[in-house]
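Observations on the three-dimensional arrangement
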Amino acid sequence: MTVIPLASGHRPVSPIHVAIIMDGNGRWARARGLPRTAGHRRGAEAARIAVETAMRIGVQYLTLFAFSSENWKRPESEVSDLMGLLRHYLRSEIGRFHDGGVRLKVIGDRSRLSPDIVTLISAGEERTAGNQKLTLTIALNYGGRAEIAIAARHIALDVAAGLLRADEVDERLIASRLETTGIPDPDLLIRTSGEQRISNFLIWQLAYTELVFLDLLWPDFSRKDFEAAIREYEGRNRRYGAVQDPVIVS
Ligand code: FPP
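Cut-offs and rules
- Residues numbered from 1 in each chain as written.
- Predicted model: local features only at pLDDT ≥ 70, side-chain atom pairs only at ≥ 80, totals over all residues.
- Heavy atoms only, no water.
- Near = heavy atom within 4 Å.
- Polar contact = N/O pair within 3.5 Å; in protein donor to acceptor, adjacent residues only side chain to side chain.
- Helix = DSSP H or I, 4+ residues; strand = E, 2+ residues; numbered from the N terminus.
- Nonpolar A, V, L, I, M, F, W, Y, C, P; charged D, E, K, R; others polar.
- Contact = heavy atoms within 4.5 Å.
- pLDDT = per-residue confidence, 0-100.
- Expected span 1.5 Å × (residues − 1).
- Buried < 20%, exposed > 50% of the residue type's maximum accessible area, 1.4 Å probe, protein only.
- Arc of directions from axis to C-beta.

Here we look at the site of the ligand
Met-22, Gly-26, Arg-27, Arg-36 and Arg-74 are the nearest of the 16 residues found near the ligand. With respect to the ligand, the backbone of Gly-26 contributes an N or O atom lying 2.9 Å from an oxygen atom. At 2.7 Å from an oxygen atom of the ligand is found a main-chain nitrogen or oxygen belonging to Arg-27. Where the shell around the ligand is concerned, the elements lending two or more residues are helix H1 (25-31), helix H2 (36-57) and helix H3 (76-100). When residues of the shell around the ligand are assigned to their parent elements, the largest contribution, four residues, is made by H2. Broken down by class, the residue content of the shell around the ligand amounts to six nonpolar, six polar and four charged.

As for the side chain of Ser-193
By the secondary structure assignment, Ser-193 is in the loop between strand E6 (188-191) and strand E7 (210-213). Here the side chain of Ser-193 touches Arg-27 through a polar contact of 3.1 Å, side chain to side chain. Once residues within four sequence positions are removed from consideration, Ser-193 is found in contact with Asp-23, Gly-24, Arg-27, Leu-214, Leu-216 and Leu-217.

A few points about the side chain of Thr-128
Examined against the element boundaries, Thr-128 turns out to sit in helix H4 (residues 115-128). A polar side-chain atom of Thr-128 sits 2.8 Å from the main-chain carbonyl oxygen of Gly-124. Once residues lying within four places of it in the same chain are set aside, the contact partners of Thr-128 are His-98, Val-102, Arg-103 and Leu-104.

Thoughts on the confidence of the model for the chain
Averaged over all residues, the pLDDT of the chain equals 93, while 92% of them reach at least 70. This model gives residues 1-8 a pLDDT under 50, and the stretch forms 19 contacts once residues within four places in sequence are excluded.

Some points on helix H5 (residues 144-160)
With 17 residues, H5 should cover 24 Å at 1.5 Å per step; its first-to-last C-alpha distance of 24 Å lies within 8% of that length. Within the span of H5, buried status applies to Gly-144, Glu-147, Ala-151, Ile-155 and Asp-158. Taken around the axis of H5, the buried residues stretch over an arc of 65°, which confines them to a single face. Facing away from the buried side of H5 by over 90 degrees, the exposed positions are Arg-145, Arg-153, Leu-157 and Ala-160. Residues of H5 that are buried sit in contact with strand E5 (134-142) and helix H6 (171-176). Phi for Gly-162, located one or two positions after H5, is positive at around 80°.

Quick look at the structure:
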């Protein structure tokens, strides 16, 4: 008789890394007869509260999907409003982040962003680089497939240049070439607004992540909702493809 122990399946304590798809700003505004931009403004406030909550409850990495590479398809006025909000957010929050021990990191393609936003991002990343309480990653003009394609292209170039052998290309190497290198994979993904999709967000990194879909719109996301999502996560049993209970094989 062989007993396969429980070792590979365990009840998680608290999530180290939480990723959030902040969805539903437009619907929140429409329900109140307001312009979509009003929803984004309240969404930015909810993002600020989420950062504070993450710090208070000891989450070490928080990743927010602020603008996807597909969001350029929105009306120009909405894109420009979102960029304006981002500019404002970066200007007003960097000092506060720094004082609170937040390290800022931005992932995504910066080439389409306006130069002053790129400068704000670089300055914020540089200023907060030594902080360790919370790593806040903001995904901006980000797409998961593009991130993987760029990593693959760089690896192919290294192989062609003789810097790497093809048989050295494994999961660890690919992960090390993604923009999230050095950041553990998310333990928990929260998406608001009732939609149940990943939408090209961190598609490599979410392979074993617990997904929590909330039936509320992002501007309404509160400290209590964040804490409830964490409790939901804590009640789950992560098995990483292994077994849950000891299995007796005779
Ligand atoms: C989705 O709502 C939200 C976005 C595309 C943008 C998220 C941006 C913010 C929360 C504000 C800025 C963020 C930071 C970090 C400063 P939606 O517009 O798709 O809503 P809908 O699906 O109801 O139309």
